[in-house]
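Observations on the three-dimensional arrangement
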Amino acid sequence: MSKLDEMGNKVRKLQLRAAIAKMNLRDRVENLPGKWTEIVEVAEEASAVFAQLDSARRELAAMKKLR
């Protein structure tokens, strides 16, 4: 498997994790005021996953340009 394929797989996995994190955050917000204490933790987790996804997408785009 090439580096480009590996990075593509990494982006797909991160997209799935980001979608799950987004749904988790939305679930917490929908359950307000019940689980308001969990919102900050879940939001930080979602933010971290989306930052990783953004970085991986940029790296993949750079790899494709060099191809």
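Scroll up to find the structure this text is about.
Figured I'd write up the structure that's included with this text. (Residues numbered from 1 in each chain as written. Predicted model: local features only at pLDDT ≥ 70, side-chain atom pairs only at ≥ 80, totals over all residues. Heavy atoms only, no water.)

All right, on to the overall build of the protein then. The secondary structure content of the protein amounts to two helices and zero strands. For 67 residues, the compact-globule estimate of 2.2 N^0.38 gives 11 Å, and the protein exceeds it by more than 25% at 15 Å. Viewed in the frame of its principal axes, the protein has a C-alpha envelope of about 50 × 15 × 10 Å. Expressed as a percentage of contacts within the protein between residues at least 6 apart in sequence, the contacts between residues at least 24 apart total 69%. Surface accessibility of the protein: about 5300 Å² in total, with carbon and sulfur atoms responsible for 54%. If you average the places of the 14 positive and of the 10 negative side-chain charges in the protein, the two averages end up 8 Å apart. (Helix = DSSP H or I, 4+ residues; strand = E, 2+ residues; numbered from the N terminus. Rg over C-alpha atoms; globule rule 2.2 N^0.38 Å. Contact = heavy atoms within 4.5 Å. Areas by Shrake-Rupley, 256 points an atom, 1.4 Å probe, with all protein chains shown as cover. Lys, Arg positive; Asp, Glu negative; His and termini not counted. Charge placed at Lys NZ, Arg CZ, Asp CG, Glu CD.)

A word on the nonpolar core. The biggest cluster of nonpolar side chains holds nine residues, and these are Leu 4, Met 7, Val 11, Leu 14, Ala 18, Val 49, Leu 53, Ala 56 and Leu 60. Elements supplying a minimum of two residues to this core: helix 1 (3-30) and helix 2 (39-66). The element best represented in this core is helix 1, accounting for five residues. (Core = buried A, V, L, I, M, F, W, Y, C linked by side-chain atoms within 4.5 Å. Buried < 20%, exposed > 50% of the residue type's maximum accessible area, 1.4 Å probe, protein only.)

Looking now at helix 1. In an α-helix there are 3.6 residues to a turn, and that puts residues three or four apart on one side. Under the 1.5 Å per step criterion, the end-to-end length of helix 1 is 40 Å for 28 residues, consistent within 8% with the ideal 40 Å. Buried within helix 1 are the following residues: Leu 4, Met 7, Gly 8, Val 11, Leu 14, Ala 18 and Ala 21. Turning to helix 1, the residues buried within the fold contact helix 2. (Expected span 1.5 Å × (residues − 1).)

Another aspect to go through is the pattern of salt bridges. Evaluation of the coordinates by the stated rule reveals three salt bridges. A salt bridge links Glu 38 to Arg 28, with the shortest nitrogen-to-oxygen separation between them at 2.6 Å. Separated by ten residues along the polypeptide, Glu 38 in the loop between helix 1 and helix 2 and Arg 28 in helix 1 bring together distant segments of the chain. You can call Glu 38 partly exposed: its relative accessible area is 29%. (Salt bridge = Lys/Arg side-chain N within 4 Å of Asp/Glu carboxyl O.)

Turning next to a nonpolar patch on the surface. There is a patch of nonpolar side chains on the surface, built from Leu 16, Ile 20 and Met 23 and spanning about 290 Å² of accessible area. A residue is classified by how much of its surface remains accessible, and Leu 16, at 53% relative accessible area, is exposed. (Patch = residues over 30% accessible without salt bridge, like charges linked within 9 Å, V, L, I, M, F, W, Y side chains within 5 Å.)

With that out of the way, let us pick up the environment of Asp 27. Along the chain, the position of Asp 27 falls in helix 1. Remark: the alpha-carbon pair of Asp 27 and Glu 59, spanning 32 residues in sequence, is separated by 31 Å.

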